[in-house]
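Okay, here's what each chain looks like letter by letter:
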Amino acid sequence: AHPDPCCFVIFGASGDLTRRLLLPALYNLAASDLMPERFALVGVARGEDTDDSFRARLEEALREFSTRPLTRKTVARILKNVSYVQADPEQEGSFERLKAHIEKVETDVGTGGNRIFYLATPPSGFAPIVTALGQAGLVKQSRDAWRRVIVEKPFGTDLESARKLNESLLEILQEDQIFRMDHYLGKETVQNIMILRFANGLFEPLWNRNHIDHVQITVAETVDVGRRGKFYDATGALRDMVPNHMFQLLSLVAMEAPARFDAPAVRAAKAEVLQAISQYTPAEAMKNSVRAAYEGGVVRGQKVTAYRETPDVLADSATETYVALKLMVDTWRWAGVPFYLRTGKALGARKSEVAIKFKEAPFSMFRNTPVDRLAQNFLVLGIQPDETIKLHFNAKAPGPELEIGGVDMTFRYDDFFDAAPTTGYETLIYDCMAGDGMLFQRADAVEAGWAAVEPFQKAWAKANDRDGGKDLATYPAGTDGPEEADKLISRDGRAWRPLL
Ligand code: BG6
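Only a predicted model underlies this, so the values are computations on that prediction, with no experimental measurement involved.

Attention shifts here to the pattern of salt bridges. Proximity of charged atoms lets side chains of opposite charge pair with each other. Tallying each qualifying case throughout the model produces 27 salt bridges. In this structure, R180 engages E175 in a salt bridge whose closest nitrogen and oxygen atoms are separated by 2.8 Å. E175 sits in the partly exposed class, given a relative accessible area of 23%.

Have a look at this one:
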């Protein structure tokens, strides 16, 4: 269905996100006939530009980054009502001019006053822009016209800053006007976790502490920090990946079944899981975490220099490019079931997956194969680049002698569904246009995510003060991470699934 007519205002319109993802995503929506019939795009940034040159830049971006072949008709449809406004919340009168511009566009195009403001700016812009929008009267809703704001990542840098940001936004906006983005929720394989669990009768009866031994969540990247030194050195792997992307995976795997498939019920169930993550003492936080930075090495045939030699990274930086955690979720369903998480940059393979390890057979009646030599029962949800679901189990090898071996039953998305490549932003933008917040983060869930990582942030900061962060381990670029991460899990008699 076509969403309501609307005016789509992008702050940070000259940035990379707009070029690489937003424009190609809008294009794909138009190509699938899922755009509003009346639609205007207003680009906002600090620099000067004209409508024509902005439109030309967008067209160029489409040529460079579109995920599908362009047709002239669809390009024309997206770029028909494009305009550019220079605005800056620090500048007197700037948002009044923006308001006048938007109102004129709305009359010309007939978008009926519905507006989306997409904050594709650095995070320091979020609160000032929303405050300025509020002061200019641009986000007040009426019965006939909705006003929504999409906020990109990162949402804060710790619990306190996230709370403050929520407070600033909620001074101006209602919660249901705020769409906090986590692009992992735009991935089909991530959305499918809920379908796998709740559209099948098969898995859910086993999905608890009685049958599950532990859960492993891996987001391994081959990319190194490269030119993002400035941002990354102030951020690190924990903040960059855990309270957001990895906790999306964790909450979808661990949530209770919501009573309804709608935003309030699903978001409540997800928030509850995050709120149930054990709060460690500083000593427990140190014991249950490993942080590390990469040394020089070779990743997929390319030489990578050590993290600390990256431009804009401090030579004695204590920032981690890898983190492994052992978390406990204190609920009836999960008590005693560890969740092991690991993520890192410059690793030897790109692989994101959730692996659920089931308990083993209570004993083995096969004398030549004791329980510890049977294959482990894993259900592995491949998120990327392998979009698969695999079940690993035991089977009899052919032959007169009884030999048992591990085999895989594999479902590949590609084999069943024939989907055009996307940017991953299409569903999220479409849902925002349709007013469906299910795939966006509610304030309390964001805060619960930060609260769950706070013990690690605090314990590491203390360790940095104490001894300069001696616990910070290293790993050669191109490997599967630091040995310390293997110990984190092997001391429990378990092992990571191989990465390489
Ligand atoms: C971003 C992080 O949010 O997610 C990046 O800032 C990371 O550091 C990226 O590389 C990973 O996203 P994806 O979709 O490539 O897994």
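For D52, the location among the structural elements is in helix α2 (residues 51-65). Taking the relative accessible area as the measure of exposure, D52 reaches 55% and is therefore exposed. In sequence terms D52 and R412 are 360 residues apart; their C-alpha atoms lie 44 Å from each other. Only 2.9 Å separates the side chain of D52 from the side chain of R55, close enough to count as a polar contact.

Mapped onto this numbering, the UniProt entry annotates "binding site: substrate" (unreviewed entry) at H183, K187, E221, D240 and K345. By the secondary structure assignment, H183 is in the loop between β6 (178-180) and α7 (188-198). Each residue touching H183, except ones within four places of it in the same chain, is listed here: H245, Y425 and L428. Inspection of the secondary structure puts K187 in the loop between β6 and α7. K187 gets classed as buried once you look at its relative accessible area, which sits at 18%. The contacts of K187, once residues within four sequence positions are left out, are I383 and Q384.

Attention now goes to helix α14 (residues 443-467). With 25 residues, α14 should reach 36 Å at 1.5 Å per residue; the first-to-last C-alpha distance of 36 Å fits that figure. When the local axis directions of α14 are compared, the greatest deviation, roughly 40 degrees, occurs at V453, which is followed within four positions by the proline P455. Of the residues one or two after α14, G468 is the one with positive phi, at around 70 degrees.

Mapping A265 onto the fold places it in helix α10 (residues 263-275). Sequence spacing of A265 and H245 is 20 residues, and the spatial spacing of their C-alpha atoms is 20 Å. Look past the residues within four positions of A265 in its chain and what remains in contact with it is P258, A259 and R260.

This brings us to the site of the ligand. Every residue lining the ligand is accounted for by K153, H183, Y184, K187, E221, R228, D240, M241, H245, K345 and Q384. In the model, an oxygen atom of the ligand is placed 2.6 Å from a nitrogen or oxygen of the K187 side chain. The contact in question runs from an oxygen atom of the ligand to an N or O atom on the side chain of D240, over 2.6 Å. For the ligand, whose accessible area on its own is 400 Å², the fraction buried by protein is 78%. In terms of residue class, the shell around the ligand is made up of two nonpolar, three polar and six charged.

Moving on, we come to the state of the cysteines. Counting across every chain of the model gives zero disulfides. Considering cysteine sulfurs only, C6 is the nearest to C7, which forms no disulfide, with 7.2 Å between them. In this structure C7 comes out as buried when scored by relative accessible area, which is 0%. No disulfide involves C432; its sulfur sits 8.1 Å from that of C6, the nearest cysteine.

A separate point is the sheet that holds strand β11 (residues 322-328). Spatially, nine strands are ordered β16-β15-β14-β13-β7-β12-β11-β8-β17 in an open sheet, and the strand pairing comes out mixed. Lying at the two open borders of the sheet, with one neighbouring strand each, are β16 (403-412) and β17 (473-476). Averaged over neighbouring strand pairs, the angle between their axes works out to 20 degrees when direction is ignored. Relative to strand β14 (residues 378-384), strand β13 (residues 351-358) runs antiparallel, the two being bridged by six bridges. Looking at β14, one finds that S352 is bridged to Q384. The strands touched by helix α9 (residues 236-254) within the sheet are β7 (212-220), β11, β12 (338-344), β13 and β14, with β12 carrying the most contacts at an inclination of about 140 degrees.

Let's shift gears to the packing of helix α1 (residues 16-31) against helix α13 (residues 426-434). For the pair α1 and α13, interaxial distance at closest approach is 9 Å and the crossing angle is 70 degrees. With respect to α13, the element α1 is oriented roughly perpendicular. In contact with L22, P24, A25, L26, N28 and L29 of α1, α13 contributes E426, I429, Y430 and M433. The residue inventory of the contact of α1 with α13, partitioned by class, reads eight nonpolar, one polar and one charged.

As a further point, take the sheet that holds strand β5 (residues 147-151). The strand order β3-β2-β1-β4-β5-β6 describes an open sheet built from six strands, whose pairing is parallel. Two strands lie at the open edges of the sheet, namely β3 (82-86) and β6, each paired on one side alone. Neighbouring strand axes in the sheet, compared pairwise and without regard to direction, differ in orientation by 20 degrees on average. As judged from the six bridges shared by strand β1 (residues 6-11) and strand β2 (residues 39-45), these two strands associate in the parallel manner. Bridge pairing in β2 links C6 to F39.

Procedures and definitions
- Residues numbered from 1 in each chain as written.
- Predicted model: local features only at pLDDT ≥ 70, side-chain atom pairs only at ≥ 80, totals over all residues.
- Heavy atoms only, no water.
- Salt bridge = Lys/Arg side-chain N within 4 Å of Asp/Glu carboxyl O.
- Buried < 20%, exposed > 50% of the residue type's maximum accessible area, 1.4 Å probe, protein only.
- Helix = DSSP H or I, 4+ residues; strand = E, 2+ residues; numbered from the N terminus.
- Polar contact = N/O pair within 3.5 Å; in protein donor to acceptor, adjacent residues only side chain to side chain.
- UniProt positions renumbered as here; feature names shortened; annotations may be inferred.
- Contact = heavy atoms within 4.5 Å.
- Expected span 1.5 Å × (residues − 1).
- Bend = angle between axes of the 7 residues up to and from the residue.
- Near = heavy atom within 4 Å.
- Areas by Shrake-Rupley, 256 points an atom, 1.4 Å probe, with all protein chains shown as cover.
- Nonpolar A, V, L, I, M, F, W, Y, C, P; charged D, E, K, R; others polar.
- Disulfide = S-S within 2.5 Å.
- Pairing = 2+ DSSP bridges.
- Axes fitted to C-alpha atoms, helices over the stretch in contact; angles between N-to-C directions.
- Parallel < 35°, antiparallel > 145°, perpendicular 65-115°, else oblique.

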